[in-house]
Amino acid sequence: MRLSNASLDLLPDSVRRPDYDRARVTPGIVHLGIGAFHRAHQAVAIDDLLARGATDWGIVGASLRSSDTQDALAPQDCLYTVATRSGAGAEHRVVGAVVATEVARANPARLIARMADPATRIVSLTITEKGYCHTPQTGELDEGHPDIVHDLKNPDAPRSAAGFIVAALSRRKVLGLAPFTVLSCDNLPANGVTVGRILQRFADLRSPELGQWIADELASPSTMVDRIVPETTDADRAAVAAALGMVDAWPVVTEPFTQWIVEDRFAAGRPDFAAAGVQLVSDVTPFEHMKLRLLNASHSALAYLGYLAGHETIAATMADHRFAAFAAQVMDEAAVTLTMPQGTDLATYSQSLLQRFSNPALHHRTWQIAMDGSQKLPQRLLGTMRDRLALNLPIDTHALAVAGWMRYITGTDEQGRKIDVRDPIAAELAAIARAAGPVADRLAPALLNVSAVFGTLGTDPRMRKAVTAALARLYQLGADQALPK
Ligand code: NAI
Ligand code: CS2
């Protein structure tokens, strides 16, 4: 039997299900990038709001890359399971907030029409850092990106998120409709400001009048989003099927913790997010820095050094007290660069992160977190290093994490095995690594010269010295022994 509207009543009592009439739900949100995180985080909050009567905030989930999610969810009436796991066991909840799916490349016109529909008041995004077609170090639109070049020539059949959003906004302008609010839920610094800047520039390149309209009218509030959601495995699907007593082809697995902080700036209305536990603020910046520089920075440090030391998951890496101590050190050294609201307890926050990372029920692969490092390092590690240098503080801890990334992107691990490096500039990085060879004095400076990632920080002599020394230590001792004793 398959999970669907027709089989909902056959679920075990232990499985929570939509507590509202799905037939009454109408779309109010189009989400681009209907991946695991959206379905475990934003969609759960919306599901809570639908149960409180906000039935005009259903989600249309779109993928700009593949039909996998649509293929899996269509037979399930877009229902799926959120399996929340911890050492205490697992809870299962069937979520009904997604009411339709779209595959952008299969029918771009229909996706644009959905976004231009007056009922669509929010377009949200989890398209990964690389989906913004931006230069990570500056946050500016990469006008040479192949998708951007294509979309400027084919505005009605775009490939990029920016292309789709601007095409829909252009349609709304012609129809005399206000823009929807663009809500980035990706791990980017100032994600709302960044996406707003990218959209405005893309629109400018299409038509200065459109660019000005977007500059004047578009709301793109920044958000901080947090819930650890590993890629779903076949073992996860089997465990969910056993719990449901029926097949769910597309479940998501996550942790109990969830947090969503949103700047309250919506041009076309919003649901009562606070009723779903979402925090509404005027400025999300301190919370975003806290999360990116404490959680995501230590996540990336554990991912590269843990992978090189032979650990498959974050939990397995954390089981080695030296890695756990290193993650805590990354957090402590980042904390001094943060300016937080009165009463924020960063020590307690860091302790909670270490516990979350150690969750034995989550199979969060170091390889998954290691991907797209060129898009992640600036906001996770490099901002802290820049700020610590400005305070004349040592950067050796973060330099070892950066060295871990450098060793990882060479594509060969410490046992000589190939690493499947996933990154938008993987080929460029591999070429740099091949030319430099496995020699720290050559490889570190060559990679620090990649200005799209390191910018001027890469030219700072103190940065070059610390990262080169860390990479030399890594080559000499291996990740397992290179950690501080
Ligand atoms: P996923 O792989 O399940 O989904 C990624 C989505 O992005 C897919 O729909 C994919 O088609 C789309 N995508 C990938 N490259 C794209 C591109 N170049 N242009 C447009 N769309 C593209 O990944 P998941 O777990 O949903 O994470 C997505 C993002 O959510 C992350 O990159 C991060 O920014 C954010 N996030 C993820 C968390 C997690 O623990 N998984 C937690 C907090 C934030
Ligand atoms: C992870 C994040 O894959 C990664 O880069 O660091 O997706 C992390 O799981 C989330 O930001 C946690 O909220």
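So, how was this worked out
Along each chain, residue indices are assigned from 1 in the same order as the chain's sequence is written. Here every chain gets a letter starting at A, and every ligand a number starting at 1, in the order they are written. In keeping with the model being predicted, local features are shown solely for residues with a pLDDT of at least 70 and side-chain atom pairs are shown and tallied solely at 80 or more, while totals for entire chains, interfaces and linings include all residues. Excluded from the side-chain calculation are hydrogens and water; included are all heavy atoms of the structure. Labels follow the DSSP assignment, with helices taken as runs of H or I lasting at least four residues and strands as runs of E lasting at least two, numbered in each case from the N terminus. For this measure, only C-alpha atoms enter the radius of gyration; the expected value for a globule follows 2.2 Å times N^0.38, where N is the number of residues. For every residue, the accessible area (1.4 Å probe, protein chains only) is compared with the maximum for its type, and the residue is labelled buried under 20%, exposed over 50%, or partly exposed between those bounds. Contacts between residues were defined by any pair of non-hydrogen atoms, one from each residue, lying within 4.5 Å. Shrake-Rupley sampling with a 1.4 Å probe provides the accessible areas, and residues are treated as covered by the protein chains on show and by no other component. Charge counting treats Lys and Arg as positive and Asp and Glu as negative, with His and both chain ends excluded. To locate a charge, the coordinates of NZ of Lys, CZ of Arg, CG of Asp or CD of Glu are taken. In this text, near means that some heavy atom of the residue lies within 4 Å of the molecule or strand in question. N or O atoms closer than or at 3.5 Å make up a polar contact, with two conditions inside protein: a donor-capable atom paired with an acceptor-capable one, and, for residues adjacent in sequence, both atoms drawn from side chains. DSSP-based pairing: two strands are paired if at least 2 bridges between them are found. For helices, the fitted axis covers only the stretch in contact; all axes are lines through C-alpha atoms, and the angles between them, taken along N-to-C directions, range from 0 to 180 degrees. By definition, a salt bridge exists where a carboxyl oxygen of Asp or Glu is found within 4 Å of a side-chain nitrogen of Lys or Arg. The rule is short: rings of Phe, Tyr and Trp, with Trp giving its six-membered ring, pair when the centres are within 6.5 Å, and they are stacked under 30 degrees, edge-to-face over 60, tilted in between. Distance and angle both matter: a charge sits over a ring if NZ of Lys or CZ of Arg is within 6 Å of the ring centre and within 35 degrees of the ring normal. Among buried residues, those of type Ala, Val, Leu, Ile, Met, Phe, Trp, Tyr and Cys that are joined through side-chain atoms within 4.5 Å constitute a nonpolar core. By convention here, the domain bounds are inherited from an automatic or database domain assignment. Values labelled buried area give the accessible surface lost by two parts on being combined, using a 1.4 Å probe and summing over both. Convention used here: angles under 35 degrees read as roughly parallel, angles over 145 as roughly antiparallel, angles from 65 to 115 as roughly perpendicular, and any remaining angle as oblique. When the near helix sits turned anticlockwise from the far one by under a right angle, the crossing is termed left-handed; a clockwise turn instead gives a right-handed crossing. When residue character is reported, Ala, Val, Leu, Ile, Met, Phe, Trp, Tyr, Cys and Pro are called nonpolar, Asp, Glu, Lys and Arg charged, and the others, Gly included, polar. For a helix, the expected span equals 1.5 Å multiplied by the residue count minus one.

## Remarks on the overall build of the protein
The number of helices and strands found in the protein is 21 helices and 11 strands. Computed over C-alpha atoms, the radius of gyration of the protein comes to 22 Å, within 12% of the 23 Å expected from 2.2 N^0.38 for 485 residues, which places it in the range of a compact globule. Overall, the C-alpha framework of the protein stretches about 65 × 55 × 45 Å when taken along its three principal axes. Of all 485 residues assigned to the protein, the portion counted as buried reaches 58%. Here the contacts in the protein between residues at least 6 apart in sequence split such that 77% fall between residues at least 24 apart. Of the roughly 18600 Å² of accessible surface on the protein, 51% is carried by carbon and sulfur atoms. Distance between charge centres in the protein, computed from 47 positive and 52 negative side chains, equals 3 Å.

## Section: the site of ligand 1
Near ligand 1 there are 21 residues, and of these Ala36, Phe37, Asp186, Asn187 and Val229 occur at the shortest range. The backbone of Thr126 places a nitrogen or oxygen atom 3.3 Å from an oxygen atom of ligand 1. One nitrogen or oxygen atom from the main chain of Asn187 is found 3.0 Å from an oxygen atom belonging to ligand 1. Relative to its unbound accessible surface of 820 Å², ligand 1 loses 80% to contact with the protein.

## Observations regarding the sheet that holds strand S4 (residues 89-95)
One open sheet holds the 3 strands; their spatial order is S4-S3-S9, and the pairing between them is mixed. The strands lining the two open edges of the sheet, one partner per strand, are S4 and strand S9 (252-254). Each adjacent strand pair in this sheet contributes to an overall mean axis angle of 20°, direction not counted. The sheet strands contacting helix H2 (residues 42-51) are strand S3 (80-86) and S4, and the helix crosses S4 at an angle near 65°. The strands that helix H9 (residues 234-244) touches are S3, S4 and S9; relative to S3, the one it contacts most, it runs at about 100°.

## Remarks on the pattern of salt bridges
If you walk through the whole model with that rule in mind, you get 24 salt bridges. Between Lys130 and Asp372 there is a salt bridge whose closest N-O contact spans 2.6 Å. With Lys130 in the loop between strand S6 (122-125) and helix H5 (146-153) and Asp372 in the loop between helix H14 (366-370) and helix H15 (373-390), this pair connects stretches of sequence that are 242 residues apart. A residue is classified by how much of its surface remains accessible, and Lys130, at 34% relative accessible area, is partly exposed. Taking relative accessible area as the criterion, Asp372 reaches 4% and is therefore assigned buried. A salt bridge links Arg422 to Asp420; the nearest nitrogen and oxygen atoms lie 2.9 Å apart.

## As for the side chain of Thr397
Relative to the elements of secondary structure, Thr397 occurs in helix H16 (residues 396-409). Not counting residues within four places of it along the chain, the set of residues in contact with Thr397 comprises Phe326, Gln329, Val330 and Glu333.

## Section: the site of ligand 2
Within the structure, ligand 2 sits among Asn187, Asp226, Arg227, Ile228, Lys291, Leu295, Asn296, His299, His364, Ile369, Lys376 and Arg380. Asn187 is positioned such that a nitrogen or oxygen atom in its side chain is 2.9 Å from an oxygen atom of ligand 2. Side-chain polar atom of Asn296 to an oxygen atom of ligand 2: 2.9 Å apart, as the coordinates give it. When the free accessible area of ligand 2 is taken as 340 Å², the share hidden by the protein chains comes to 87%.

## Quick word on the side chain of Asp147
When you line up the elements, Asp147 lands in helix H5. Here Asp147 is in contact with Arg65, Cys133, Arg159 and Ser160, once residues within four sequence places are set aside.

## As for the packing of aromatic side chains
Per the counting criterion, the structure on display carries 5 aromatic pairs. Between Trp260 and Phe273, the aromatic rings sit 5.2 Å apart at their centres with planes inclined by 65°, giving edge-to-face as the arrangement. In this pair, Trp260 sits in strand S10 (residues 259-263) while Phe273 sits in the loop between S10 and strand S11 (279-281), placing the two residues 13 residues apart along the sequence. The same class applies to Trp260 as to Phe273, namely buried. Judged by centre distance (5.9 Å) and plane angle (45°), the ring pair of Phe266 and Phe273 falls under tilted. When its relative accessible area of 15% is taken as the criterion, Phe266 is described as buried. Take Phe273: its relative accessible area is 1%, and that puts it in the buried class. When the ring centre of Tyr80 is taken as reference, the NZ or CZ atom of Arg39 above it lies at 4.8 Å.

## Here we look at the nonpolar core
Counting 90 residues, the largest nonpolar core has Leu382, Met406, Phe454 and Met463 as its most contacted members. In terms of residue count, the dominant contributor to this core is helix H10 (residues 285-308) (12 residues). Taken together, domain 1 (5-281) and domain 2 (285-482) each give at least three residues to this core, which thus spans both. Core analysis: the second largest hydrophobic core is formed by 37 residues, Leu64, Ala100, Ala162 and Ala203 among them.

## Observations concerning the domain arrangement of the protein
What the domain assignment lists for the protein is domain 1 (5-281) and domain 2 (285-482). Computed over C-alpha atoms only, the centres of domain 1 and domain 2 are separated by 29 Å. Across the domain 1/domain 2 interface, buried area totals approximately 2400 Å², and carbon plus sulfur atoms make up 58% of it. When the buried surface of domain 1 facing domain 2 is broken down by residue, Pro136, Gln137 and Ile228 rank first, second and third, together holding 23% of it.

## Some points on the packing of H10 against H16
As a packed pair, H10 and H16 sit with axes 8 Å apart at the nearest point and diverge in direction by 55°. By the angle between their directions, the pair H10 and H16 is classed as oblique. Crossing handedness for the pair H10 and H16: left-handed. Contacts from Ala301, Tyr304, Leu305, Tyr307 and Leu308 of H10 reach H16 at Leu400, Ala401, Gly404, Trp405, Arg407 and Tyr408. Here the residues of the contact of H10 with H16 are counted per class, giving 9 nonpolar, 1 polar and 1 charged.

## Notes on unusual backbone geometry
The phi dihedral of Asp77 is positive, around 50°, even though this residue is not glycine. Relative to the helices and strands, Asp77 is located in the loop between helix H3 (68-73) and S3. Residue Asp77 is classed as partly exposed on the basis of its relative accessible area, which comes to 32%.

## Quick notes on helix H6 (residues 161-174)
With 14 residues, H6 extends 20 Å between its outermost C-alpha atoms, agreeing within 8% with the 20 Å of an ideal straight helix rising 1.5 Å per residue. Counted residue by residue, H6 has 11 buried out of 14 residues, so it is predominantly covered. Along H6, the positions that sit buried rather than exposed are Ala161, Ala162, Gly163, Phe164, Ile165, Val166, Ala167, Ala168, Leu169, Ser170 and Arg172. One or two positions beyond H6, positive phi appears at Gly176, with a value near 75°.

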